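Listed below are the residues making up each chain.
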Amino acid sequence: MKTISENAAFGGTQGVYSHASEACNCEMTFAVYLPPQAKEGPVPVLWYLSGLTCTHENAMVKAGAQAWAAEVGIALVFPDTSPRGDGVANDEAYDLGQGAGFYVDATEAPWASHFGMWTYIREELPKLIFRNFDLMEEAQGITGHSMGGHGALTLALNNPAQYKSVSAFAPICNPTGSDWGRMQLAAYLGEDEAAWQRHDASKLMAEKGFPTSVLIDQGDSDQFLGLLKPETLAQAMAAKRQAGTFRMQPGYDHSYFFVASFMEDHIMHHAEILHGV
């Protein structure tokens, strides 16, 4: 692991690091915020997965999460959204290729050789994080925005023993139910729709639910509502009688102004659960 930068922030440390990833077959960059409480011993950790076109830096700079994480004593991890580099396959479209990993393990050419984001987030990066930082492996939560909200929900719903808490900002809720989402899943995972199912939050919610309370925020002025399909997740939560809250926020769009506006609520949601682990 290489240190790129470390800066004091809200009594703690905001660091940016890189390492050679086996899952993505390239150099990957990520950020970790350690709150001041980490100086005294292990603290819980909240994973934040970013959306399309983003890197580790977007949420680190724009979400305003560090101040609230410092208040409640939770570390933050901001991974990148995809593999990168000259040898990594890409596409001219913003929603495929570099910056658009969709948190899946691709099986199709030309993506399969690098796009192992599911394994990277679930297995490889946690091993590196817990080897290098004094954090509570048993107290992990996960959240994210847009494509990252999709990743947070699908990872948590498939792995409730690993993630004790989950929330999302404007997640992609039902990719198997839209032409747009089906295009991405087919590109990465092939035409066998059975392989798509564990990457659809609404279907997973209806089938599995989640052991602890779930928090979802969605702006009603979001320009991507037709692609996100938030109504499918709300209906699945209601049908499953899932503990939690799905909030449509009047006037808010898809930007980081929206994310920052409700970040305190999400940090507090995770803190309440993770500090009880």
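All figures in this text were calculated on a predicted structure; none of them were measured in a lab.

1. A word on the overall build of the protein
Secondary structure summary: the protein contains nine helices and nine strands in total. Its C-alpha atoms give the protein a radius of gyration of 17 Å, within 12% of the compact-globule value 19 Å for 277 residues. Each principal axis of the C-alpha atoms in the protein carries an extent, and together these give about 50 × 45 × 35 Å. By residue count, 58% of the 277 residues in the protein fall in the buried class. In the protein, once contacts between residues fewer than 6 apart in sequence are set aside, the share between residues at least 24 apart is 72%. Within the structure as shown, the protein displays about 10900 Å² of accessible surface, and the carbon and sulfur contribution to it stands at 50%. In the protein, 16 side chains carry a positive charge and 32 a negative one; their mean positions are 6 Å apart.

2. What about the state of the cysteines?
Here the structure, examined in full by the defined rule, presents zero disulfides. Of all cysteine sulfurs, the one in cysteine 24 lies closest to cysteine 26, which takes part in no disulfide; the gap is 5.4 Å.

3. Re the packing of aromatic side chains
Applying the stated criterion across every chain yields a total of twelve aromatic pairs. Here the aromatic cluster, defined as three or more aromatic residues joined through ring pairs, consists of Phe102, Trp111, Phe115, Trp180 and Tyr188. A cation sits over an aromatic face here: arginine 198 above tryptophan 118, 4.6 Å from the ring centre.

4. Looking at helix α9 (residues 256-274)
Where α9 bends most, the angle comes to about 50°, and this point is phenylalanine 262. If you check which residues of α9 are buried, you get Tyr256, Phe258, Val259, Phe262, Met263, His266, Ile267, His269, His270, Ala271, Ile273 and Leu274. Backbone nitrogen of phenylalanine 257 and a side-chain oxygen of the N-cap are separated by 3.2 Å at the start of α9; the cap is serine 255.

5. A short note on the layout of surface pockets
Roughly 250 Å³ of internal volume is contained in the largest pocket. Looking at the lining of the largest pocket residue by residue, the class counts come to nine nonpolar, seven polar and no charged.

6. Considerations on the pattern of salt bridges
With the rule as written, the count across this model stands at six salt bridges. With a closest N to O distance of 2.7 Å, aspartate 217 and arginine 247 form a salt bridge. With aspartate 217 in strand β8 (residues 214-219) and arginine 247 in strand β9 (residues 244-249), the pair connects residues that are 30 residues apart, well separated along the chain. Residue class for aspartate 217 comes out buried when judged on its relative accessible area of 0%. Among the salt bridges present, the one from aspartate 265 reaches arginine 247, with a minimum N-O distance of 2.9 Å.

7. What about the nonpolar core?
Core analysis: the biggest nonpolar cluster contains 91 residues, and Phe102, Ile129, Ile142 and Tyr188 have the highest contact counts within it. Look past the residues within four positions of isoleucine 142 in its chain and what remains in contact with it is Leu46, Trp47, Leu49, Ala152, Leu155, Ala156, Tyr163, Ser165, Val166, Ser167 and His270.

8. A look at the pairing of strand β7 (residues 165-169)
For β7, the buried fraction is high: five of the five residues fall into the buried class. Neither face of β7 is open: one carries Ser165, Ser167 and Phe169, the other Val166 and Ala168, and all of them are buried. By the bridge criterion, two bridges tie strand β6 (residues 135-144) to β7 in an arrangement that is parallel. Counterpart to glycine 141 in the pairing with β7 is serine 165. The sheet contact formed by β7 and β8 spans four bridges and is parallel. Bridge assignment links alanine 168 to a residue of β8, and that residue is isoleucine 216.

9. A closer look at the packing of helix α2 (residues 65-72) against α9
Packing of α2 against α9 brings their axes to within 9 Å, and their N-to-C directions diverge by 30°. The angle between the axes of α2 and α9 places the two elements in the roughly parallel class. Crossing of α2 against α9: the hand is right-handed. Note on element contacts: α9 touches α2 through Met263, Glu264, Ile267, Met268 and Ala271, opposite Ala65, Trp68, Ala69, Glu71 and Val72. Along the lines of polarity and charge, the residues of the contact of α2 with α9 split into eight nonpolar, no polar and two charged.

Scoring rules and cut-offs
Sequence order as written defines the numbering, with residues in each chain counted from 1. pLDDT decides what is reported in this predicted model: residues at 70 or higher carry local features, side-chain atom pairs at 80 or more are listed and counted, and totals for whole chains, interfaces and linings draw on all residues regardless. Only heavy atoms go into the side-chain values, all of them from the structure, while hydrogens and water stay out. Counting from the N terminus, the helices are the DSSP runs of H or I reaching at least four residues and the strands are the DSSP runs of E reaching at least two. For the radius of gyration, the atoms used are the C-alpha atoms, and the globule rule reads 2.2 Å times the number of residues raised to 0.38. Any residue under 20% of the maximum accessible area for its type is buried, any over 50% is exposed, and the rest in between are partly exposed; the area is computed with a 1.4 Å probe on protein chains only. In this description, contact between two residues means that some pair of their heavy atoms is separated by no more than 4.5 Å. Every accessible area reported is derived by Shrake-Rupley at a probe size of 1.4 Å, with residue values counting cover from the shown protein chains alone. In this tally Asp and Glu are treated as negative and Lys and Arg as positive; neither His nor the chain ends contributes. Charge coordinates come from a single atom per side chain, which is NZ of Lys, CZ of Arg, CG of Asp or CD of Glu. Whenever a pair of cysteine sulfur atoms sits within 2.5 Å, that pair is classed as a disulfide. Put simply, two rings from Phe, Tyr or Trp (the six-membered ring, in Trp's case) pair if the centres are within 6.5 Å, and we call them stacked under 30 degrees between planes, edge-to-face over 60, tilted for the rest. Each ring is checked for a lysine NZ or an arginine CZ that lies within 6 Å of its centre and within 35 degrees of its normal; such an atom marks a charge sitting over the ring. Across the chain, bend at a residue is computed as the angle between axes fitted to the seven residues ending at that point and the seven starting from it. N or O atoms closer than or at 3.5 Å make up a polar contact, with two conditions inside protein: a donor-capable atom paired with an acceptor-capable one, and, for residues adjacent in sequence, both atoms drawn from side chains. Using a grid of 1 Å spacing that covers the protein atoms alone, one calls a set of points a cavity when a 1.4 Å probe fits there but cannot get out, and a pocket when the set is open and has protein on both sides within 12 Å along at least five of seven lines; lining residues are those with an atom within 4 Å of a point. Grid points are joined across faces, edges and corners, and a volume is the space filled by probe spheres set on the points. Residues are grouped as follows: Ala, Val, Leu, Ile, Met, Phe, Trp, Tyr, Cys and Pro are nonpolar; Asp, Glu, Lys and Arg are charged; every other residue, Gly included, is polar. The term salt bridge refers to a pairing of a side-chain nitrogen on Lys or Arg with a carboxyl oxygen on Asp or Glu at a separation within 4 Å. Here, nonpolar core refers to any group of buried Ala, Val, Leu, Ile, Met, Phe, Trp, Tyr and Cys residues whose side-chain atoms link them within 4.5 Å. Pairing between strands requires that DSSP locate at least two bridges from one strand to the other. Angles run from 0 to 180 degrees between N-to-C directions of axes, and those axes are lines fitted to C-alpha atoms, restricted for helices to the stretch in contact. In what follows, roughly perpendicular refers to angles from 65 to 115 degrees, roughly parallel to angles under 35, roughly antiparallel to angles over 145, and oblique to any angle outside these ranges. Should the near helix be turned anticlockwise from the far one by less than a right angle, the crossing is termed left-handed; should it be turned clockwise, right-handed.

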